[in-house]
Amino acid sequence: MSVVKCDLKNLSKVLEKEIRKDLKQVKFAASVALNNTAFKARSNLIDEYNKSFTVRNTNLPKAVTVEKATKEKLQAKVSFPKDWMYINAKGGKKEPEHSKVLMVPLKNGGLKDYRTQSGKIKQSKKPGNLLKYADSHPLKTRAHVANPHPFVMNNKNGQTMIAVRDKANRKELKFLYVGVPTANVKKRWDFEKIVQDTAKKELPGQFDAAFKKALATAK
């Protein structure tokens, strides 16, 4: 504990000085606590991401970023700069953007042959590009090419399908996508709740520890 000595004439000045010093330490401790909590939330988000998804690209969840707090700006920001992941964090219905139906990848289809090492679907094999190719290249029943090209067909339920013939057995089809009016997307990665729960659990203790250390090292 520090001892402050002053006479009555200088009391107001000394008190003001001590208050400013303590306020400075409070702000410093608050910024440290916020940043420690934010990075803990980032760690929790990555853990939950890996539990909720089949992660082909191990670097993707690490894209969670932290904008650190300062003594001047007591606010730490945790974000994930991938807009297409938003619906997985909130849940809801996914609607088609540029067509009448939404082309959904089939889990057990042939898309595994068209993924990069990171797990992403090759740009040329995304449904929009495949549909454009099919429109400009009508299916030729007699043509035989070394690498079969995906084509559009309708199944017995009238759904639009994108399929490709097996390279070794041309009678066998591999289905890549199926067209649906909308797709229900479950909330699989509750981003906001994970951050909020982490803050409730961690922030009080982080501030208490940081403030004690700040007071002990105050000059």
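Residues numbered from 1 in each chain as written. Predicted model: local features only at pLDDT ≥ 70, side-chain atom pairs only at ≥ 80, totals over all residues. Heavy atoms only, no water.

Asks: Which residues make up the overall build of the protein, and what values go with them?
Replies: Helix and strand counts for the protein stand at four helices and eight strands. Walking the protein from its N terminus toward its C terminus, one meets helices and strands in the order α-β-β-α-β-β-α-β-β-β-β-α. Scored against the burial criterion, the 219 residues of the protein give a buried share of 27%. Across the protein, every contact between residues at least 6 apart in sequence was considered, and the portion connecting residues at least 24 apart equals 58%. As displayed, the protein offers around 16000 Å² of accessible surface, 53% of which is attributable to carbon and sulfur atoms. (Helix = DSSP H or I, 4+ residues; strand = E, 2+ residues; numbered from the N terminus. Buried < 20%, exposed > 50% of the residue type's maximum accessible area, 1.4 Å probe, protein only. Contact = heavy atoms within 4.5 Å. Areas by Shrake-Rupley, 256 points an atom, 1.4 Å probe, with all protein chains shown as cover.)

Asks: Could you give an account of the packing of aromatic side chains, naming the residues involved and the relevant values?
Replies: Summed over the entire model, instances satisfying the criterion amount to six aromatic pairs. In this structure an aromatic cluster arises from ring pairing among Tyr49, Phe53, Phe80, Trp189 and Phe191. (Phe/Tyr/Trp six-rings, centres within 6.5 Å; stacked < 30°, edge-to-face > 60°.)

Asks: Mind laying out helix H4 (residues 191-216), listing which residues take part and the relevant values?
Replies: In this model H4 runs 36 Å from its N-terminal to its C-terminal C-alpha over 26 residues, within 8% of the 38 Å that 1.5 Å per residue would give. Along H4, the sharpest change in direction is near 40° and occurs at glutamate 202; proline proline 204 comes one to four residues later. Here H4 has its buried residues at Phe191, Ile194, Thr198, Glu202, Ala210 and Ala214. (Expected span 1.5 Å × (residues − 1). Bend = angle between axes of the 7 residues up to and from the residue.)

Asks: Go over the sheet that holds strand E7 (residues 173-180), please, and point to the residues and values.
Replies: The strand order E4-E7-E6-E5 describes an open sheet built from four strands, whose pairing is antiparallel. Lying at the two open borders of the sheet, with one neighbouring strand each, are strand E4 (102-105) and strand E5 (151-154). On average, adjacent strands in this sheet sit at an angle of 35° to one another, irrespective of strand direction. Note that E5 and strand E6 (residues 160-165) share four bridges and pair antiparallel. Looking across to E6, one finds that asparagine 154 is bridged to threonine 160. (Pairing = 2+ DSSP bridges. Axes fitted to C-alpha atoms, helices over the stretch in contact; angles between N-to-C directions.)

Asks: Could you give an account of the environment of arginine 56, with specific residues and numbers?
Replies: On the secondary structure map, arginine 56 appears in the loop between helix H1 (11-52) and strand E1 (65-67). Among the residues examined, arginine 56 registers a relative accessible area of 47% and is labelled partly exposed. In the structure, arginine 56 is positioned 64 residues away from lysine 120 in sequence and 8.1 Å away in space, judged by C-alpha atoms.

Asks: Describe the confidence of the model for the protein, naming the residues involved and giving the relevant values.
Replies: For the protein, per-residue confidence averages 78 on the pLDDT scale, and residues scoring 70 or more make up 76% of the total. Summarising per-element confidence for the protein, the mean pLDDT is lowest in E4 (72) and highest in E1 (95). (pLDDT = per-residue confidence, 0-100.)

Asks: So what about the nonpolar core? Which residues, and what values?
Replies: Counting 15 residues, the largest nonpolar core has Leu45, Val78, Phe80, Trp189 and Phe191 as its most contacted members. Put simply, the parts of the chain that give this core at least two residues each are H1 and H4. Ranked by the residues each element gives to this core, the list is headed by H1, at three residues. Not counting residues within four places of it along the chain, the set of residues in contact with phenylalanine 80 comprises Leu60, Pro61, Ala63, Val64, Met85, Trp189 and Phe191. Membership of the second largest hydrophobic core comes to seven residues, among which are Met103, Ile121, Leu176 and Tyr177. (Core = buried A, V, L, I, M, F, W, Y, C linked by side-chain atoms within 4.5 Å.)

Asks: Give me the lowdown on the pattern of salt bridges, citing residues and values where you can.
Replies: Under the definition given, this model contains five salt bridges. Between lysine 73 and glutamate 67 there is a salt bridge whose closest N-O contact spans 3.5 Å. Residue lysine 193 pairs with aspartate 197 through a salt bridge whose shortest N-O separation is 2.7 Å. Taken together, the residues span about one helical turn, with lysine 193 and aspartate 197 both in helix H4 at a distance of four residues. A relative accessible area of 44% places lysine 193 in the partly exposed class. (Salt bridge = Lys/Arg side-chain N within 4 Å of Asp/Glu carboxyl O.)

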